[in-house]
Structures are given as C-alpha cells and as structure tokens.
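Breakdown of the fold
What follows is the residue order along each chain.
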Amino acid sequence: MEFLELLLIFVALILIIKKPEKENLAFSLVMIAWLMMIIFYVGHKSTGLLTIMNL
Amino acid sequence: MNEINKAKKFYTLMCLAGFLIILLPVGTANIIFGYFLADSPCVLCWGQREAMIFIGVMALFIVRYGMKGKYLAALLIMTAAGLYQSFAHFGNHAMEDLDQGFGLPVFGIHTYFWAEVVFWAVVLLLGFIFIFAPKFSAFDKELNGEKFRKYTGFSLAAVVISAIIVASNVFQAFVGTGIFPYVGQGDPVRFTLNPKYIIWSTDSWHGLWQNISFLGKRDVKAPDYAFAPASDKLGIKFDNDVNNSPFAKIDENLKILDEQTINFNKAINTLDFINDEFVASSKWDVYFLDNNFTTKDSFELDPYFSASIDPIIGIIPYMNDKFILMGSNKSFLRFKKNPNANDTLQYADFVKGANHFEGQGKDLGRGRLSTVRSKFNHVASMTTDDKYFYLATVPNNKDAKTFVISKYSLKDLVLSGEFTPKADLKEGRTLGDLYITSMTDKDGKIYALSKNHNVIAVIDPVKEEVIKTLSFPNTITNARSIFFKDGKINILSYQDGANKLFALN
C-alpha cells in the first residue's frame, strides 16, 4: 500500500515538472494517494480513535 | 513593495517550506535513519511520513500552479489530518515509563512525537508565510494568464530534489512493505536488502474499520451503584443465586437474624460502622448517623474540584481522627470533622458542610491512586487493616474477567501490591463473575461482598487466596455494603426502593 501511495505521489511530481499541463491528473493522483493513506490509517485506529490516553 | 514582487517572494517562501518539509524530516528519516541506521517505519510511521510528503507536495503545487483555493484547502486538511495521525500514534505510547518507546529517539523524543512537532510547525510557518502574502488579486496578475508558473533555478532544484527523496521512499517502501496488497507492519524488522530477511505482510489489513470506538479501552461504563443501576450498560445480568457463583464450593450459608428498614431518603451506596457511629454515603453525599440512623452531621462533596472524584465507593478511618473517601475512579479525599471549620478555606471541597468539615490542611486533601493491572477498571469497594487499604475492581462492559485487589500503604498512599486471589473455581469461570460492592476487614482477612450470586469471598491478603466462601439468602437482592457490628455480619441492601439492613450469622 505505502509503495503504491508513494508511487502515485512520485508520478504526480514528475507530471508537475515535465507535463505541467496535466495539472488535474497530477492533483487527482495526489488526492487518491492521500485518501488511500488516511482511510487506511484511521481504519487502523478504529478500535481507539482517541488513543488510550486519559483525555 | 510591488504586489507582483510580493507574490514572487511569497512563492519562494512557499517553495522553501514545501522543500524543507520533504528534505529535513522525510529525507532524514528515509536516508539517515533508513539506509544508515537500518530503521524501518511501522505502518503508522509510514502514514505520518507520507502526510509530510503530501503537505510538501501541495506547497509545490501552489508554487507551480499559483495560489488556488483547492490547494490551500488540501494543505490545511492534510495538516489537520497529520496532527491527528501523530496524536493517534504517540497517544498509545504516552503512558509508558521512562525512555520506553518505539524505534529511534532523537534528542530523547521518538519519531512519532517529532511528527506532531513537524505538523504544528507547518501551521506556524504557513501563518508566517501569509504575513508576506500580497493582495490576493496579485496572484492572478503574477500568473499573467498562464496555466502554470515557470520554475526559477531554485524552485526547479527544490522540486527535483523533492522528487528524488520521494523516489527513495518509494524504493524503501517497496523493500520494507511490498507491493499491493502487502502493507506496512506494526513491528517491522530493520531495513535490509537481503531477501532472506525481508518481510511482506498483509497483517495490518486485519481489524480495519472494525469495532469503531473513540475511547477504545477507556469506553467503560460507570459501575452499578445503589442510586444508579447499570446492569444493561455494563452487560451484566445480576442474579441472587449462589449456585451461579464461580466458586466450586460454598463453605457456609449465612442466615438472617434480623432485618430492619432504615428510614433514609436516599439510596445508600456505602455504609460502615466506624468509631461507634454509622458512616453512610450516596453519590457525593456523606452522612454520620447515630444508632437510630438519625443524621448527626453531613456534607456534600464538590466532585469536580481539583482531582475529580467519581461517586463515593468507600470511606475508611485514617490517622485516628480523619477519614479517606474513595471514588470509583481511584481518586480520594482525606477529610476530618471540625465543628469550627473555616468555611472560606474549606469551600473548595464541599458544596455543603464546609463549616464543619475540613478537606484542606495538614494530612488532608485530594489525590489519585495508580494501578498497574487494573488501569481500565473501576473499583467499587474499599477496606483497611490499619496498615494498608485495599481496593477491588468490578467487571465492566469491556472486561468481564479481570478481578484485581490493589493494596496501598496508609503511610504514603502509594501502590504497595496487586493480586488476583487464588481460588477454587468452577471450570471456565473467573473471579470477574463476582461484583464486589463492599469489603470489610476482620482479623486480617478481607470479607468481599458480591451483589452478584449472593456470595462473600473471605480473602487472606498475605496468602493472596480465597480461604473461605459464604453465601447469604436470596431475599437480599441488591447487597451494597458489608461490615461487622457486635460480632455479626451486617449487609445493607438497597431494594424495593428502601435501604434494608440485615444482620446475619
């Protein structure tokens, strides 16, 4: 997963350097990668979203 | 300054910020920690590292395509998410002892807390950068109708180096976590290129988005009190049948010798006989009663002053002329009677009774007790043998098995020991099947009263063992307190809307 997410970011960076006219594609790749990361991350913490600290 | 020039300087600062967040925390973690120190990020560390990359990349989007609302929105949302991510990670390690942690510390701080620092720094730096922002119309003018901005030497170098660092992370992620569906690991082994030791795993997919809870282990419902039954919330079905108790055998069956209804207008949760008077409590009210249960003196605790005290679960004598009252959250107040108390000084502790009770002064005041084995359990009972005092846990909606007695020295009020008593139990049962609402000490033995299954466990705190079991009749349906008076066991039960006191033998 992390490999795929980072690969999408890397492709987006290449696009903004070499093919800047592909702005929407580059932004979409970043957002897809971010959504994958955050859905996985929060899902991973779902049994204790606020951690086990005294709050 | 010319607004166009201000816009250019703004973009330079934005480029520098985006570049630095990728170069410093991400680059250091990837190259120095990863390749030189062989550190492998865990699944949560990967998420935070990626969050930093996302923030840096969004800044580079702004540099390339101009200041657009969607990029600023993404930057702020990603930073907010990053703050949550690092909190969610270090929160699970925050209760550990000195120098315990996960992975490499830098200047004594572990990487998951450095992430918190980095995300706050993003907020701070973004604020500073916007101090130098031009009028928003200048951003359009600076773009001059183009779809994207041309790179300067600096900005091109920044984005290229950033891309190289991201590429290096792609490589490290490939080696350390693998390709889809493999995913980062909770406890990754050190980084290596030797295939023999490389682990690709799907374990972190397990449990994803299951059992959603904000408080997690701490989502424990309040105990069952006389004034607030909690059977449904706790998921515990109380019964009065001793045959359902977890004990393999019952040594003695107590009989009721006397029964009286106490004329009292509140549900008494704790009752004891201390220094020839009854001491009762109901939630945050404490009453001193004569032998006819007429109130001689009383106070109402302010539960939220200083160390907050959940409803009172026990009161014991302390240092001859004082008392300790305990909340179910293991926070306490040491107090004493004083008919001439200064109500201005005592106002803090008492909503009522500040002019004849003291909670402020020498050897008085509030505090919190710690446990090791029962951090996520309430207590519902307390007793003392004059050297130590003891607390017993009650089961709850998250944990139906744990039963721990915690022992505290009366000298320093610090944990001196913890144990789960040995007991002769039926197969598959635990002492968590009990619901100990009260304990009392007699001749160095603890009599622990369980309202569930109408049973009393006599515990030897030295041997840490249940040495005897007693049953009491099922006509007592909601046993709340146990104490000895005139050599007999007394049990208070709040049932049918009345406080009933039973003497048994």
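Residues numbered from 1 in each chain as written. Chains lettered and ligands numbered in written order. Predicted model: local features only at pLDDT ≥ 70, side-chain atom pairs only at ≥ 80, totals over all residues. Heavy atoms only, no water.

Going by an unreviewed UniProt entry, chain B carries the name Disulfide bond formation protein B and comes from Campylobacter molothri.

In the nomenclature of an unreviewed UniProt entry, chain A is known as Dihydroneopterin aldolase of Campylobacter molothri.

**Here we look at a nonpolar patch on the surface**
As a reminder of what qualifies: Residues enter a patch when their relative accessible area is above 30% and they make no salt bridge; the linking distance is 9 Å between like charges and 5 Å between nonpolar side chains (Val, Leu, Ile, Met, Phe, Trp, Tyr). Shrake-Rupley sampling with a 1.4 Å probe provides the accessible areas, and residues are treated as covered by the protein chains on show and by no other component. Should a side-chain nitrogen of Lys or Arg be within 4 Å of a carboxyl oxygen of Asp or Glu, the pair is scored as a salt bridge. Strands here mean DSSP runs of E at least two residues long; helices mean DSSP runs of H or I at least four residues long; both are numbered from the N terminus.
A surface patch of nonpolar side chains, about 910 Å² in accessible area, is lined by Leu13, Leu16, Leu20, Leu24, Leu124, Leu125, Phe128, Ile131, Phe132 and Phe154 of chain B. By the secondary structure assignment, Leu20 of chain B is in helix H1 (residues 3-36).

**Points about empty space enclosed by the protein**
Condition: Residues are said to line a cavity or pocket when one of their atoms sits within 4 Å of a point; the points come from a 1 Å grid over protein atoms alone, cavities being sets where a 1.4 Å probe fits but cannot get out and pockets being open sets with protein on both sides within 12 Å along at least five of seven lines. Grid points are joined across faces, edges and corners, and a volume is the space filled by probe spheres set on the points. Under the scheme applied, nonpolar residues are Ala, Val, Leu, Ile, Met, Phe, Trp, Tyr, Cys and Pro; charged residues are Asp, Glu, Lys and Arg; polar residues are all the others, including Gly.
Taken as a whole and assessed by the stated rule, the structure comprises three cavities of 30 Å³ or more. Of the voids in this model, the largest cavity is the one considered here, and its volume is about 140 Å³. As for the largest cavity, its lining consists of 17 residues, and the residues nearest its centre are Ser40, Val175, Gly176, Thr177 and Val189 of chain B. The leading source of residues in the lining of the largest cavity is helix H6 (residues 153-177) of chain B, at four residues. Residues of the lining of the largest cavity, tallied by class, amount to nine nonpolar, seven polar and one charged. Surrounding the second largest cavity, 13 residues form its lining, Glu2, Met37 and Phe40 of chain A together with Val43 and Gly47 of chain B being those nearest its centre. Element by element, the count of residues in the lining of the second largest cavity is highest for helix H2 (residues 43-65) of chain B, at five residues.

**What about the packing of aromatic side chains?**
A ring pair, where both rings are aromatic, is described by two values, the distance of the centres and the angle of the planes. Residue and element names in this part refer to chain B. Rule in force here: The criterion for an aromatic pair is that two Phe, Tyr or Trp rings (for Trp, the six-membered ring) have centres within 6.5 Å, with stacked assigned to planes under 30 degrees apart, edge-to-face to planes over 60 apart and tilted to the rest. Burial classification: accessible surface area is computed with a 1.4 Å probe over protein chains only, and a residue below 20% of its type maximum counts as buried, one above 50% as exposed, and the rest as partly exposed. Counted as over-ring charges are cases with an Arg CZ or a Lys NZ within 6 Å of the ring centre that also lie within 35 degrees of the ring normal.
Under the criterion given, the structure shown has 37 aromatic pairs over all chains. On the numbers, 4.8 Å between centres and 65 degrees between planes, the contact of Phe299 with Phe350 is edge-to-face. Of the two residues, Phe299 sits in strand S8 (residues 295-301) while Phe350 sits in strand S12 (residues 350-352), which places them 51 residues apart along the sequence. For the pair Phe299 and Phe350, one class covers both residues: buried. One aromatic cluster is present, formed by Phe288, Phe299, Phe323, Phe335, Phe350 and Phe357 through successive ring pairs. Sitting over the ring of Tyr388, Lys407 keeps its end group 4.2 Å from the ring centre. Lying over the aromatic face of Phe484, Lys442 brings its terminal NZ or CZ to 5.3 Å of the ring centre.

**A word on the pairing of strand S19 (residues 436-442) of chain B**
Residues and elements named next belong to chain B. Heads up, the rule is: If DSSP finds at least two bridges between two strands, the strands pair.
Of all seven residues making up S19, five are buried, and the element is well covered by its neighbours. Sheet topology places S19 next to strand S20 (residues 445-450); six bridges connect them, and they run antiparallel. Each residue of the ladder has a partner; that of Thr440, found in S20, is Tyr447. Counting the residues that bridge the hairpin from S19 to S20 gives two residues, and of these Asp443 lies at a positive phi of roughly 55 degrees.

**Section: the packing of H1 of chain B against helix H4 (residues 111-131) of chain B**
Residue and element names in this part refer to chain B. We count it as follows: Note on definitions: angles span 0 to 180 degrees between N-to-C directions of axes, and those axes are lines fitted to C-alpha atoms, for helices only across the stretch in contact. Note that the term roughly parallel is reserved for angles under 35 degrees, roughly antiparallel for angles over 145, roughly perpendicular for angles of 65 to 115, and oblique for everything else. When checking whether two residues touch, look at their non-hydrogen atoms; a contact exists if any pair is within 4.5 Å.
Two elements in contact, H1 and H4, have axes separated by 10 Å at closest approach and are oriented at 170 degrees. Relative to H4, H1 is oriented roughly antiparallel. Counted together, Phe10, Leu13, Met14, Ala17, Ile21, Pro25 and Phe33 of H1 and Thr111, Val118, Val122, Leu126, Ile129 and Phe130 of H4 form the full contact between these two elements. The class makeup of the residues in the contact of H1 with H4 is 12 nonpolar, one polar and no charged.

**Focus on the sheet that holds strand S6 (residues 277-282) of chain B**
Residues and elements named next belong to chain B. A sheet is described by the order of its strands in space; here five strands give the open sequence S5-S6-S7-S8-S12, paired in antiparallel fashion. On the outer flanks of this sheet lie strand S5 (270-274) and S12, each paired with one strand and no other. Neighbouring strand axes in the sheet, compared pairwise and without regard to direction, differ in orientation by 25 degrees on average. Note: S6 against strand S7 (residues 285-289), five bridges, orientation antiparallel. Note that in S7 the partner of Ser282 across the bridge is Asp285.

**Some thoughts on helix H1 (residues 2-18) of chain A**
Quick note on the threshold: To estimate the expected span of a helix, subtract one from its residue number and multiply by 1.5 Å.
With 17 residues, H1 of chain A should cover 24 Å at 1.5 Å per step; its first-to-last C-alpha distance of 24 Å lies within 8% of that length. Taken as a whole, H1 of chain A has its buried residues at Glu2, Phe3, Glu5, Leu6, Leu8, Ile9, Ala12, Leu13, Leu15, Ile16 and Ile17 of chain A. Contacts made by the buried residues of H1 of chain A are with helix H2 (23-44) of chain A together with H2 and H6 of chain B.

**Examining the environment of Met58 of chain B**
By the secondary structure assignment, Met58 of chain B is in helix H2. What Met58 of chain B contacts, discounting residues up to four positions off in sequence, is Phe27 and Val30 of chain A together with Tyr71, Ala74, Leu75 and Met78 of chain B.

**Re the interface of chain B and chain A**
Heads up, the condition is: Buried area: the sum, over both parts, of the accessible surface (1.4 Å probe) that disappears when the two are put together. Nitrogen and oxygen atoms within 3.5 Å of one another constitute a polar contact, given that in protein one can donate a hydrogen and the other can accept it, and given that sequence-neighbouring residues count only through two side-chain atoms.
Across the boundary between the two partners, chain B contributes 69 residues, which contact 42 residues of chain A. Here chain B meets chain A over a buried area of about 5000 Å², counting both sides, of which 73% is carbon and sulfur. Here chain B is connected to chain A by one salt bridge. Between Lys68 of chain B and Glu23 of chain A there is a salt bridge, and its shortest N-O distance comes to 2.7 Å. The tally of links between chain B and chain A comes to 23 residue pairs in polar contact (both at pLDDT 80 or more).

**Observations concerning the nonpolar core**
Spelled out, the test is: Nonpolar cores are built from buried Ala, Val, Leu, Ile, Met, Phe, Trp, Tyr and Cys residues. Side-chain atoms within 4.5 Å join them into one set.
Ile16 of chain A together with Met14, Met58 and Phe61 of chain B are the most contacted members of the largest nonpolar core, which has 76 residues in total. Looking at this core, the elements that each hand over two or more residues are H1 and H2 of chain A together with H1, H2, helix H3 (69-90), H4 and H6 of chain B. Ranked by residues supplied to this core, first place goes to H2 of chain B with 17 residues.

**Re the pairing of S6 of chain B**
Strand residues, when the strand is regular, have side chains that alternate between the two faces of the sheet. Residue and element names in this part refer to chain B. In terms of residue burial, S6 counts as a mostly covered element, since six of its six residues are buried. Neither face of S6 is left uncovered, since the one carrying Glu277, Val279 and Ser281 and the one carrying Phe278, Ala280 and Ser282 both have all their residues buried. Both S5 and S6 contribute to a ladder of five bridges, which runs antiparallel. From the neighbouring strand, Ile274 faces S6, where its bridge partner is Glu277. In this structure, the hairpin formed by S6 and S7 is closed by a connection of two residues, where Lys283 is found at a positive phi of approximately 60 degrees.

**Remarks on the sheet that holds strand S24 (residues 488-495) of chain B**
Residue and element names in this part refer to chain B. Reading across from one edge, S4-S25-S24-S23 is the order of the four strands in this open sheet, with antiparallel pairing throughout. Unpaired on one side and paired on the other, strand S4 (256-262) and strand S23 (479-485) mark the two borders of the sheet. Going from strand to strand, the sheet's axes swing by 20 degrees on average, the running direction of each strand aside. With seven bridges connecting them, S24 and strand S25 (residues 498-504) associate as antiparallel partners. Paired with Tyr494 across the bridge in S25 is Asn499.

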